[in-house]
Amino acid sequence: MSEKKVITIDGPAASGKSSTAQMVAERLGFLHVDSGSLYRAATAAALRVVPDPAEWTEEVVLGAARAISLLPARSSFYPVMGGRSVEEEIRGDRVTANVSAVAKMPRVRDWVNETVRNTSADHNVVVDGRDIGTVVFPKARLKIFLVADAEVRAKRRLIQKAGEVTDARLAEETRALLERDERDASQTVPAADAVVVDSTILTQAEQVAKIVALAEDRA
Ligand code: DC
C-alpha cells in the first residue's frame, strides 16, 4: 500500500481550523479528523458519568472516554457515544468551559493521539488541532498554522452562533477567547516547518484555495 498523506492544520481557538480542514479535505478527496472533537467528547463523557468537574481524575475521564468512537460521515469523522452522534453536546458551554482542563491530562492526550493516528492509518487525511504538526504527525508532508486577530475570531464565532454582533458582545467574546488562548497556550505552538496562514484578511474560500495550492505543490 502506498504511504498515506497527512496535512496538519493547527492554531488557536476559533481560527477556523475545523471548517477549513473539512473543506480542504473535500477538495482533495481526503478525510478530515478533528482532534479537538475528541477532547470535547471525553469532556462530555466525563460530565455524563461525574457531573461535578471538581471530582474528575484522569481515571474518571479515561474510563468515560471508552464509550467514544469516531465514525466517518461524508468527508469527516465524528465522535459517537452509544451509537449516537454527540456533535451538539460537545459544542455546548459546559463542555467548552471544562475541556481545557481535560486537555491538560497527559494520558488523555496519549489516548487522543493514538485514536487520531489509528483513525488516520488507512486514509489520506487533513487533521486539525493544536499539536498535530509538532507531536502527532511530526513528519506530515504539509503543516499549516492558522492564525487570525482575536477580534476577528470573536466576530466569526458570534456570527456562527447566529447572535447579534453588538460592541458589548464582541468585547465579551474577545475576552473569553483570549482567556482560552492563555489556557491552551502551552500546546498551541507552530511546528518549525509550518506555513503560517493569517486568515484575518482572507475569506474562507481564499484560505482553502491557498492550502489546496500548497498541497498540490508538494504532491
Ligand atoms: O479546537 P477546539 O476548541 O475544539 O479544542 C477543544 C480543546 O481541546 C481546547 O481546550 C484545546 C484542546 N486541544 C488540544 O489541546 N490539542 C489538540 N490537538 C486539539 C484540541
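Scroll up to find the structure this text is about.
What you see is a predicted model; the values in this text were computed from it and never measured. (Residues numbered from 1 in each chain as written. Predicted model: local features only at pLDDT ≥ 70, side-chain atom pairs only at ≥ 80, totals over all residues. Heavy atoms only, no water.)

Draft legend 1. Expanded view of helix α1 (residues 17-28). A rise of 1.5 Å per residue sets the reference length of α1, with its 12 residues, at 16 Å; its end C-alpha atoms lie 16 Å apart and thus fit the reference within 8%. Once α1 ends, the next one or two residues include G29, with phi positive near 75°. (Helix = DSSP H or I, 4+ residues; strand = E, 2+ residues; numbered from the N terminus. Expected span 1.5 Å × (residues − 1).)

Draft legend 2. Quick look at empty space enclosed by the protein. Going through the model one piece at a time under the given rule, you end up with 1 cavity of 30 Å³ or more. Considered as a void within the structure, the largest cavity measures approximately 40 Å³ in volume. Secondary-structure elements contributing two or more residues to the lining of the largest cavity are α7 (132-136) and β7 (142-147). By residue number, the principal contributor to the lining of the largest cavity is β7, which donates 3 residues. Among the residues forming the lining of the largest cavity, the class breakdown is 6 nonpolar, 2 polar and 2 charged. (1 Å grid on protein atoms, 1.4 Å probe; cavity = no way out; pocket = protein on both sides within 12 Å on 5 of 7 lines; lining within 4 Å. Points joined across faces, edges and corners; volume = space filled by probe spheres on them. Nonpolar A, V, L, I, M, F, W, Y, C, P; charged D, E, K, R; others polar.)

Draft legend 3. Local environment of the layout of surface pockets. Its boundaries defined by the atoms lining it, the second largest pocket holds a volume of some 270 Å³. Taken together, E3, K4, K5, V6, R117, S120, A121, H123, F137, K139, A140 and R141 form the lining of the second largest pocket. Its residues assigned to classes, the lining of the second largest pocket comprises 4 nonpolar, 2 polar and 6 charged.

Draft legend 4. Just the packing of helix α8 (residues 150-160) against helix α9 (residues 167-184), in detail. Between α8 and α9, the least distance of the axes is 8 Å, while the angle of their chain directions is 115°. In terms of axis orientation, α8 runs roughly perpendicular to α9. Here the hand of the crossing between α8 and α9 comes out right-handed. Between α8, through A150, E151, R153, A154, K155, R157 and L158, and α9, the contact on the second element is made entirely by R169, L170, E173, T174, L177, L178, R180 and D181. Broken down by class, the residue content of the contact of α8 with α9 amounts to 6 nonpolar, 1 polar and 8 charged. (Axes fitted to C-alpha atoms, helices over the stretch in contact; angles between N-to-C directions. Parallel < 35°, antiparallel > 145°, perpendicular 65-115°, else oblique. Left-handed = near helix turned anticlockwise from the far one by under 90°. Contact = heavy atoms within 4.5 Å.)

Draft legend 5. View of the site of the ligand. Neighbouring the ligand are 16 residues, the closest being R40, R130, D131, R180 and Q187. Between the ligand and R109 there is a distance of 2.9 Å, counted from an oxygen atom to a side-chain nitrogen or oxygen. Take R180: an N or O atom from its side chain is 2.7 Å from an oxygen atom of the ligand. In the complex, 95% of the free accessible area of the ligand, which totals 450 Å², lies under the protein chains. When contributions to the shell around the ligand are tallied by element, the ones reaching two or more residues are α2 (35-49), α5 (93-102) and α9. Counting residues per element, the shell around the ligand draws most heavily on α2, which supplies 4 residues. Residues that form the shell around the ligand fall into these classes: 4 nonpolar, 5 polar and 7 charged. (Near = heavy atom within 4 Å. Polar contact = N/O pair within 3.5 Å; in protein donor to acceptor, adjacent residues only side chain to side chain. Areas by Shrake-Rupley, 256 points an atom, 1.4 Å probe, with all protein chains shown as cover.)

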